[in-house]
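Here are the chains, one letter per residue:
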Amino acid sequence: MSVSMRDLDSAFQGAGQKAGIEIWRIENFRPVPVPKSSYGKFFTGDSYVILKTTALKSGALRHDIHYWLGKNTTQDEAGAAAVKTVELDAALGGRAVQYREVQGHETEKFLSYFKPCIIPQEGGVASGFKHVEEEEHKTRLFVCRGKHVVHVKEVPFARSSLNHDDIFVLDTKAKIFQFNGSNSSIQERAKALEVVQYIKDTYHDGKCEVAAIEDGKLMADAETGEFWGFFGGFAPLPRKTTSEEDKTVGSHPTKLLSVEKGQAVPVEADSLTRELMDTNKCYILDCGLEVFVWMGRSTALDERKSASGAAEELIRASDRVKSHIIRVIEGFETVMFRSKFESWPLATNVAVSEDGRGKVAALLQRQGVNVRGLLKAAPVKEEPQPYIDCTGNLQVWRVNGQEKVLLPAADQSKFYSGDCYIFQYSYPGEDKEEYLIGTWFGKQSVEEERVSAVSLASKMVESMKFLAAQACIHEGSEPIQFFSIFQSFIVFKGGHSDGYKNYIAEKEIPDGTYTEDGVALFRVQGSGPENMQAIQVEAVASSLNSSYCYILHSGSTVFTWAGNLTSPDDQELIERQLDLIKPNLQCKPQKEGSESELFWELLGGKSEYPSQKISREPEGDPHLFSCTFSKGNLKVMEIYNFTQDDLMTEDIFILDCHSDIFVWVGQQVDTKTKLQALTIGEKFLEHDFLLESMSHETSIYIVMEGSEPPFFTRFFSWDSAKFTMHGNSFQRKLTIVKNGGTPVMDPKRRAPVSYGGRSSVPDKSQRSRSMSFSPDRVRVRGRSPAFNALAATFENPNARNLSTPPPMVRKLYPKSVTPDSGKLASKSAAIAALTASFEQPPSARETIIPRSVKVSPPAPKSTPEPNLKENSVSSRLESLTIQEDVQEGEAEDEEGLPVYPYERLKVTSTDPVSEIDVTKRETYLSSEEFKEKFGMTKDAFYRLPKWKQNKLKMALQLF
C-alpha cells in the first residue's frame, strides 16, 4: 500500500505509540481528540474513532480501531468516521483490525474497554443537537443485558417497559433500584449490579441507597412496595413483546464477494479456502451477523475505502442494523475470520515487513513527531519465574497398575519415561498449607496407567474437598513451577511399572530401562541449582547439541561434554548432576572439538548434531474464556480485557497462556462438573479455539475458587477477600455495592494470600529445603560453621575434588530418611556431641546468628507413608536441619538486634562490620534506614518472594 502525506490526518500523528486508549470525535468531517477526562462519554448525535493499543509479550504493539456511530449521527458523519478509520490504520502501518460499532449493538470487545458500561447521552455536535447540560436529577429506567459485558439502554419510564426476561435499573433521586426479571440468570444480575455501582458513583457521587427487587416478590416488602409506587402500584407484567432490536439475525449462508470498482461481486466456489483471495484485491465475507472486509496487502488506500463503502451499502440494503463490519488486513486476520474457512494455512506466504510502517514513521519524523512506538519494540527478555514458594514439602508416588507406590526421598526426583507419577506438594500460605497435586506422564508410559494416575490424583483432590490445585503434566512440556518444586530433576529411559513391562513384553520390544552399569547419555539443562534437569537421551552422537552439556557413562567410566555454545553456569550444572547420577567417580571432561576416541566409541562413532537450543513453548498473551460443557460438547466465549470480577462462582473459566492453561472452577459449580474439569481442559486443547496449534500435551492446571495459587493470580489484580464472601455472584456483589465497594469477608472462611498477587509468611519464605542426595556427601551451602562441621563428618575422604561449588542441597520432605542407617550408626557419637553443642548457647554461635532473632516453630507438615525405618541418628539430623533452616531464614526487627549504618553493611564497604551474618545484612539496618533504602517496612519486605528479596538486596549491594 502506497503512503503519502495527504493520506495522513494531522490529528493522528503520534497515535498508537503506547498501550492504552485514544479517542477522536468527528467534527466537520475531521477527527478531533477527546480529552481523557471524557473517555467513555458518548453522545447519540456524534461519531467517534477509538484506537486501542495493546503491548504484546513479543514486544510488538497490536492495534484495534473502532468507529462508533450514535443513533442520531448523520450519514455524512458516519461516512467520515469510516474513512478516517482506514486512514488511521494507514498511519499505523496498515495492520490494525477495524470494527464498525453501532449504538446499542456494540461488540463485546468494544464494551470491554469501558467497563462496566457506556450510557450514551443525548446531544451532538453536527447533527443538530446540543449537548445536554446537567440539570435537576431526572428519574430514568435502563434495561441491562449481558452475562460478561453489559449492554445498557434507556427505555421509557413506564410499567410496560418491564418484563420477566431482563434486568432493569430504576435511577431515582434518592435510591437506585435493580429489578431482576424472574427469567434472568444470576450472572446477569451480578453484572447489572456493576451498572448500579457506576450510576451511583457517576450521578450520585457515591451517596445513595441501593435496593434489589425480585420479580414476583410480594408487596409486603417495604422496598418492593416503594419500587412499584413509582409505577403507580403493583400490577402483573405483560408478556415481553419482540421489538426490532430483539430480533436475532437468522441463519445466513456465508458468502464471499470480490469488490470490483466499488461493487460487490459474488465469488463462485464449492468451498471457502484461502486461495480464493488475491493480494491485489479486496473482498467481503458476509456471515450474517459479522461482515468482514478483507484487504490485500498490495491494495491502495482508495481501494480499501471503496471496499468499506461497499460493505456499508450491503448492510444498509438488507436492513441489518445488528451486523458488525470488521475489516482485516492480509496476514493479520482475526481468529474468527480464519475459522470461517474450511482450510487456512498456518503461515501464509505474505511479505510482512516493516516497510509500510517505516515509511509512515519517516514521514512523521520529518515533522518532528516522536515515532518510537510505530516500530516494533524489542521484546523484553525476562527469566521465567515460578511464582510459587519453593520451600514446601514434597511426596511422590509411582503409579503401578491401579495403585500408587510412595517413593523414598532419595528417589523423589528420579522419574522414568515409561512410568506415570503423582506428586503432592504443600507450601506455606497465609494461615494454612496450600496444596498442589499433579500427575506426570512419561513419553513411553501406557494409556491405562495414565488414566489410573488421573483417577488416583482426582480422588486425592476430592478427599481434600477440592482445596488443592491440580496439574496434568507431560514429559518434555513441564512448566517452570514443576522444575522449581523438584529443583533437581532426572528422567531415565524405560520404566518399572507393571503396565510398562507388560507393554514391552506384548510388543516384544527390548527393555531399554536405565541401568547404572550400561551406556547412558544425559543432556543437562536448567537455569541454576534450584532448577536443573538431566534428561537421558539416545546414546548416539546425533543426540549431542552445541548449546548443552552432557554426561556420558559406561559403568565406572564417566565423561562430561561441554558444547561450544555453553556458558560457565551451564558447565557448573554438570558437576551438580554428577553427584546425583554418578557420585564419587572421577570424570573425564571433554570439550567440543577435542573429544577422545573412547568418547566417540561409546557413542557409536561421530555424526552430525544440532547447535540450536531446544525451544520450549513461550508463555503467550493470556486469554480468558467462559465455558459451557454439556453432553461432551464444549462451548467457549472469550472475555476481553478480563479482570477478577469476570470470574463467576457459578461457572468454569479457562485462562489460556499458550504454554499452559488453567481451568478455574467456581465454588458453586456442582461436584459432577468439578470432576470433569480436566476433561474440559483436554477438550479445549483438542479444539484449539485460538487456532494457535497448541499441543495436546500442554500442561493443564485445575484451580478451585478460593485456593488459587500465586502462579494463577499473577494474571489479575487480585483481591483475595472477594472469594471469602457468602452467597452466589449476585449476593456477593450486592453486599459490596451496599457497603460502598468494600468486600465483606466471611469470618469462617480463610482468605488466600495475595502474591502480586500472593506472598508467604516471613519465617517460612526464607526457609530453604535441604536434602542429602548422596549418603556419603552431605553438601550444604550457606550454613553456619557449626552446621558445616556436622556436614564435614559425612565427607568421604576418597571423594574427588570438585572445582565448582557444591550443589545446593534440599530436603524435599523433612521426615523422609535419605542416609543409609548403617553408615550413620558408626558416626552417631560425632553427631551426638555436635548436636549437644547446638543445645548450648556458646558465644561463638551468637556472633553468627543474631541473638535477638527468635525461631518460630515450623508449621506442622503432613506425614508421608514411611518406606524406610527412622533411627535416632537420622531424626536428630533432621531436627537439626530444620532448626538451621528456620534460624537462617528468620529476620525480624526486634529490640536487642545490633544496628549499623548502611555504608558499613554494603558488600563494597571500605569499613565493613565484622561478626555479623553476612547473608542477612539488611537485618542490621535501623527501621528508618531500612524503609528509606527499600521503600517499605521490614515486615513488607519479608513477605516478598525470595527472588524479589534477593533482587532488591543485590541492587542495594547487600547481597
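In this text the structure is predicted, and so the values were computed from the model without any measurement.

## With respect to the packing of helix H3 (residues 186–203) against helix H16 (residues 729–738)
Working note: a packed helix pair is described by the angle between its axes plus the distance between those axes. Relative to each other, H3 and H16 sit at 15°, their axes nearing to 8 Å. One element, H3, and the other, H16, form an angle in the roughly parallel class. H3 and H16 meet at a crossing whose hand is left-handed. Contact with H3, carried on its side by Ile186, Arg189, Ala190, Lys191, Leu193, Glu194, Val196, Gln197 and Lys200, involves Ser729, Phe730, Lys733, Leu734 and Val737 of H16 and no other residues of that element. Among the residues making up the contact of H3 with H16, the classes are represented as 7 nonpolar, 2 polar and 5 charged.

## Quick notes on the packing of helix H1 (residues 75–91) against helix H5 (residues 301–317)
Across the interface, H1 lies against H5 with an axial gap of 10 Å and an inter-helix angle of 140°. Judged by the angle between their axes, H1 and H5 are oblique. Seen along the crossing, H1 lies across H5 with a hand that is right-handed. Two secondary-structure elements touch here, H1 through Gln75, Ala82, Val83, Val86, Glu87, Asp89 and Ala90 and H5 through Leu301, Arg304, Lys305, Ser308, Glu312 and Arg316. Its residues assigned to classes, the contact of H1 with H5 comprises 5 nonpolar, 2 polar and 6 charged.

## A few points about the sheet that holds strand E13 (residues 282–286)
Taken in spatial order, the 10 strands make up an open sheet running E2-E1-E3-E4-E5-E15-E14-E13-E11-E12, and their pairing is mixed. Since the sheet does not close on itself, it has two edges, and those belong to strand E2 (30–33) and strand E12 (263–266), each with one partner. Taking each pair of neighbouring strands and ignoring which way they run, the sheet shows an average axis angle of 25°. Two elements, strand E3 (residues 47–55) and strand E4 (residues 61–69), share 9 bridges in a ladder whose sense is antiparallel. Within E4, the position partnered with Tyr48 by the bridge is Trp68. Here H5 sits on the sheet in contact with E4, strand E5 (97–102), strand E11 (255–260), E13, strand E14 (290–295) and strand E15 (324–329), set at roughly 25° to E13.

## Things to note about empty space enclosed by the protein
Per the counting criterion, the structure on display carries 8 cavities of 30 Å³ or more. Approximately 90 Å³ is the volume found for the second largest cavity. Lining the second largest cavity, in full, are Ser458, Val461, Phe466, Gln470, Lys674, Leu675, Ala677, Leu678, Ile702 and Met704. Put simply, the parts of the chain that give the lining of the second largest cavity at least two residues each are helix H8 (447–463), helix H14 (677–687) and strand E32 (699–704). Grouping the constituent residues of the lining of the second largest cavity by class yields 7 nonpolar, 2 polar and 1 charged. Two domains each donate at least three residues to the lining of the second largest cavity, and these are domain 4 (394–602) and domain 5 (623–724).

## Topic: the environment of Tyr416
Structurally, the position occupied by Tyr416 is in strand E18 (residues 414–416). With a relative accessible area of 15%, Tyr416 lands in the buried category. When the C-alpha atoms of Tyr416 and Lys443 are compared, they prove to be 9.2 Å apart, with 27 residues separating the residues in sequence.

## Comments concerning the nonpolar core
Ranked by size, the top nonpolar core spans 80 residues in total, and within it Phe482, Phe486, Phe522, Leu647, Leu655, Phe662 and Phe712 carry the most contacts. Counting 37 residues, the second largest nonpolar core, distinct from the first, contains Ile422, Val454, Cys627 and Met704.

## Overview of unusual backbone geometry
Peptide bonds are, in most cases, trans, and in most cases residues other than glycine have a negative phi. The omega angle of the peptide bond from Lys115 to Pro116 is 5°, so this bond is cis rather than trans. Inspection of the secondary structure puts Pro116 in the loop between helix H2 (108–112) and strand E6 (140–145). In this structure, Asn28 is a non-glycine residue whose phi angle is positive, near 55°. Inspection of the secondary structure assignment puts Asn28 in the loop between strand E1 (20–27) and E2.

## Thoughts on the pairing of E32
Most of E32 is tucked away, with 6 of its 6 residues classed as buried. Across the two faces of E32 the burial is the same, with Ser699, Tyr701 and Val703 and Ile700, Ile702 and Met704 all buried. Direction of pairing for strand E21 (residues 469–474) relative to E32: antiparallel, over a ladder of 3 bridges. The partner of Ala471 across the bridge, within E32, is Tyr701. As paired strands, strand E31 (residues 660–665) and E32 are joined by 6 bridges and run parallel to one another. Across the sheet, the residue bridging to Ile661 is Ile700, located in E32.

## Remarks on the pattern of salt bridges
It is possible for side chains of opposite charge to pair when their charged atoms get near one another. Counted by the stated rule, this structure contains 37 salt bridges. For the salt bridge of Arg732 with Glu705, the shortest nitrogen-to-oxygen distance reads 2.5 Å. Pair noted here: Arg732 is in helix H16 and Glu705 is in the loop between E32 and helix H15 (710–713), with a separation of 27 residues, a long-range link. Between Asp911 and Arg904 there is a salt bridge, and its shortest N-O distance comes to 3.4 Å. By relative accessible area, Arg904 is classed as partly exposed at 30%. When salt bridges with common partners are traced through the structure, they connect Asp9, Arg30, Lys84, Glu87 and Lys305 into a single cluster.

Thresholds, definitions, all that
Residues numbered from 1 in each chain as written. Predicted model: local features only at pLDDT ≥ 70, side-chain atom pairs only at ≥ 80, totals over all residues. Heavy atoms only, no water. Axes fitted to C-alpha atoms, helices over the stretch in contact; angles between N-to-C directions. Helix = DSSP H or I, 4+ residues; strand = E, 2+ residues; numbered from the N terminus. Parallel < 35°, antiparallel > 145°, perpendicular 65-115°, else oblique. Left-handed = near helix turned anticlockwise from the far one by under 90°. Contact = heavy atoms within 4.5 Å. Nonpolar A, V, L, I, M, F, W, Y, C, P; charged D, E, K, R; others polar. Pairing = 2+ DSSP bridges. 1 Å grid on protein atoms, 1.4 Å probe; cavity = no way out; pocket = protein on both sides within 12 Å on 5 of 7 lines; lining within 4 Å. Points joined across faces, edges and corners; volume = space filled by probe spheres on them. Domains from an automatic or database assignment. Buried < 20%, exposed > 50% of the residue type's maximum accessible area, 1.4 Å probe, protein only. Core = buried A, V, L, I, M, F, W, Y, C linked by side-chain atoms within 4.5 Å. Salt bridge = Lys/Arg side-chain N within 4 Å of Asp/Glu carboxyl O.

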